[in-house]
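# Working through the structure, step by step
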Amino acid sequence: MNRENRRAAFHTLGCKVNQYETEAMKKIFRERGYEIVGEQEFADVYVINTCTVTAVADRKSRQYIRRMKKVNPDSIVAVTGCYAQINPQEVEEIHGVDIIAGTGEKHKIPDYIDGLAKASGGCLEEFVEMGPVASTDSRTRAYIKIQEGCNRFCSYCVIPYARGPVRSRPLENIREEAERLIAAGYKELVLTGINTALYGMEQNPEEFGLEPVLEMINDLPGDFRIRLSSLEPAVVNSEYVKKLFRFDKLCRHLHMSAQSGSDRVLAAMNRPYDREGYMDLVKTLCSFDPCYGLSTDIIVGFPGETERDFEDSCRLVAHCGFCKTHVFKYSKRPGTKAADMPGQISPQVKNDRSDRLQNTAGAASKAFFRMNLDEARRGRTQQVLLEEVTGDGKYITGYTGNYIRTYIPYSEKLELNTFVQVRLEELFRDGMTGSVVL
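Fair warning: this is a prediction, and the values are worked out from it, not measured in the lab.

The rules behind the values
Residues numbered from 1 in each chain as written. Predicted model: local features only at pLDDT ≥ 70, side-chain atom pairs only at ≥ 80, totals over all residues. Heavy atoms only, no water. Helix = DSSP H or I, 4+ residues; strand = E, 2+ residues; numbered from the N terminus. Rg over C-alpha atoms; globule rule 2.2 N^0.38 Å. Contact = heavy atoms within 4.5 Å. Areas by Shrake-Rupley, 256 points an atom, 1.4 Å probe, with all protein chains shown as cover. Lys, Arg positive; Asp, Glu negative; His and termini not counted. Charge placed at Lys NZ, Arg CZ, Asp CG, Glu CD. Salt bridge = Lys/Arg side-chain N within 4 Å of Asp/Glu carboxyl O. Buried < 20%, exposed > 50% of the residue type's maximum accessible area, 1.4 Å probe, protein only. Axes fitted to C-alpha atoms, helices over the stretch in contact; angles between N-to-C directions. Left-handed = near helix turned anticlockwise from the far one by under 90°. Phe/Tyr/Trp six-rings, centres within 6.5 Å; stacked < 30°, edge-to-face > 60°. Pairing = 2+ DSSP bridges. Expected span 1.5 Å × (residues − 1). Patch = residues over 30% accessible without salt bridge, like charges linked within 9 Å, V, L, I, M, F, W, Y side chains within 5 Å. Right-handed = clockwise from strand over helix to strand, strands pointing away.

## Thoughts on the overall build of the chain
- Counting secondary structure elements, the chain contains 13 helices and 17 strands.
- Here the chain has a C-alpha radius of gyration of 22 Å; the compact-globule value for 438 residues is 22 Å, and the two agree.
- Summarising the internal contacts of the chain: among those between residues at least 6 apart in sequence, 71% fall at separations of at least 24.
- In the form shown here, the chain has an accessible surface area of approximately 19,600 Å², with 48% of it arising from carbon and sulfur atoms.
- For the chain, the distance from the average site of its 59 positive side-chain charges to the average site of its 61 negative ones is 3 Å.

Okay, here's the thing in structure tokens:
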């Protein structure tokens, strides 16, 4: 391939870690002289950063590979990510795949393309630095990967096999990236990883956690805020989250994956907490701030899940008042304990339960939004980061610290990527309307 005027396109599936790593790969490709183009455009190289959490993710990866090979039959297609790590033989059988790179090899793909090295599957024992990522698709929010891997081995999950054990990024490297992003003008730094709550565990199994990272970033000068992408209730408890309250730049929003509201199902999932323990976490957060934003993931149709188990999940969602609930239908992943469990649920039952839980989740979100209004229907004043113009130019939207998407009437006086004080007013679309407090 001619080294001049090479074009590369990227397609990303899955989690925020994958999104971060795609941005890091784009940076590496730019440094090699590539022009980065849209994922549907004609390119010399297509890089597919895959996910394998569900069978749907696998199918989407295969579909994109085939589609892009039709756009340019002479292109080089490189497949990386968790699907490539777990099922390299299956990926190899897809027509048009030229390079298969494991999750620990993403930074080497340009070398593989130029024939300078050969893909080997990658090492899953060390944290792979991909350099500071000072550019993302958003100009307001940027992700910082602080941790890799997981060793919890939930019975339905392949991620420990795809990502390897816990590895934590050195504090000085995190600091360097945070400082670059703040200097570049980003107003929200999102700390992400496969299981961020386990930061530092491989170095000190008795005392580990996010405090050192948060303390370091919180003390950096600048007008910005910090958001955590997620915390695992399988790792944290009430005492853990209480330690987070002292960081004034940390958004009052946490994503905590409950996965089920049934103690019986949680035990089968190998999740080392119960319903009561999860609700204690919620109580602790809401005692600190009644309008603390909480989002979660729930799996429906796990093997052996009864109607009563499912109803326990519905009651958990209604009781906790999540601002957002991501509902997933259980997907059998080969090699996991759950794949061989008795009582596999039919697709029809999964679909029905998914629809019903989505309705419950929608009602819970609206109830949370209403909590941000007082008896006079005058909303709390919240800080909103202005992110984009939408609604055919009618609104400027952004998120509050507690994760409410806010729609503000457009005004030329309002600038994107700035913080404004907004009074929340009414439920609207997937969030609320608001007016700027002058």
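There is more to say, and it comes next.
## Digging into the pattern of salt bridges
- Tallied over the entire structure, the rule returns 37 salt bridges.
- Across the pair Glu-21 and Arg-163 runs a salt bridge whose closest N-O atoms are separated by 2.9 Å. Here Glu-21 is found in helix H1 (residues 16–31), whereas its partner Arg-163 is found in helix H6 (residues 159–163), with 142 residues between them in sequence. As far as burial versus exposure is concerned, Glu-21 and Arg-163 are alike and both buried.
- Between Arg-141 and Glu-188 there is a salt bridge, with its nearest N and O atoms 2.8 Å apart. Placement of Arg-141 in strand S6 (residues 141–148) and of Glu-188 in strand S8 (residues 188–193) is noted, with a sequence separation of 47 residues between them. For the pair formed by Arg-141 and Glu-188, the shared burial category is buried.
- Bridged by salt links that share partners, the residues Glu-21, Lys-106, Lys-145, Glu-148 and Arg-163 form one connected network.

## So, the packing of helix H7 (residues 171–183) against helix H8 (residues 211–218)
- In the contact formed by H7 and H8, the axes pass within 10 Å of each other and the chain directions differ by 35 degrees. Seen along the crossing, H7 lies across H8 with a hand that is right-handed. Facing Leu-171, Ile-174, Arg-175 and Ala-178 of H7, the residues of H8 in contact are Pro-212, Val-213, Met-216 and Ile-217.

## Observations regarding the packing of aromatic side chains
- All told, the structure shown has 15 aromatic pairs when counted by the stated rule.
- On the numbers, 5.2 Å between centres and 90 degrees between planes, the contact of Phe-10 with Phe-29 is edge-to-face. Taken as a pair, Phe-10 in strand S1 (residues 7–12) and Phe-29 in helix H1 lie far apart in primary sequence, 19 residues in all.
- A relative accessible area of 6% places Phe-10 in the buried class.

## Quick word on the side chain of Asn-417
- If you trace the backbone, Asn-417 turns up in the loop between strand S15 (405–409) and strand S16 (419–428).
- Beyond its immediate chain neighbours, meaning those up to four positions away, Asn-417 contacts Arg-139, Thr-140, Gly-185, Lys-187, Leu-385 and Leu-386.

## Let's talk about the sheet that holds S16
- Reading around the barrel, the 5 strands line up as S13-S14-S15-S17-S16 and close back on themselves, with mixed pairing between neighbours. Strand-to-strand, the axes of this sheet are offset by a mean angle of 50 degrees, without reference to chain direction.
- With 6 bridges joining them, strand S13 (residues 381–390) and strand S14 (residues 395–400) adopt antiparallel strand pairing. Following the sheet pairing, Glu-388 is matched in S14 by Thr-397.

## Some thoughts on helix H13 (residues 347–371)
- Helix length check: H13 (25 residues) gives 36 Å between terminal C-alpha atoms against 36 Å at 1.5 Å per residue, within 8%.
- Structurally, H13 contributes buried residues whose contacts are with strand S11 (293–300), helix H12 (307–320), strand S12 (324–329), S16 and strand S17 (431–436).

## Describing the sheet that holds strand S10 (residues 253–255)
- Spatially, 3 strands are ordered S10-S11-S12 in an open sheet, and the strand pairing comes out parallel. In the strand order of this sheet, the two ends are held by S10 and S12, each with one partner. The mean inter-strand angle of the sheet, taken between neighbouring strand axes irrespective of direction, is 15 degrees.

## A look at a negative patch on the surface
- Together, Asp-263, Asp-274, Glu-276 and Asp-280 make up a negatively charged patch on the protein surface.
- On the secondary structure map, Asp-263 appears in helix H10 (residues 263–268).

## A short note on the pairing of S8
- The element S8 is largely enclosed, with a buried count of 6 among its 6 residues.
- Every second residue of S8 is oriented toward a common face, with Glu-188, Val-190 and Thr-192 on one face and Leu-189, Leu-191 and Gly-193 on the other, all of them buried.
- Relative to strand S9 (residues 225–228), S8 runs parallel, the two sharing 4 bridges. Bridged to Val-190 within S9 is Arg-227.
- In this fold, the crossover linking S8 to S9 by way of H8 has right-handed handedness.

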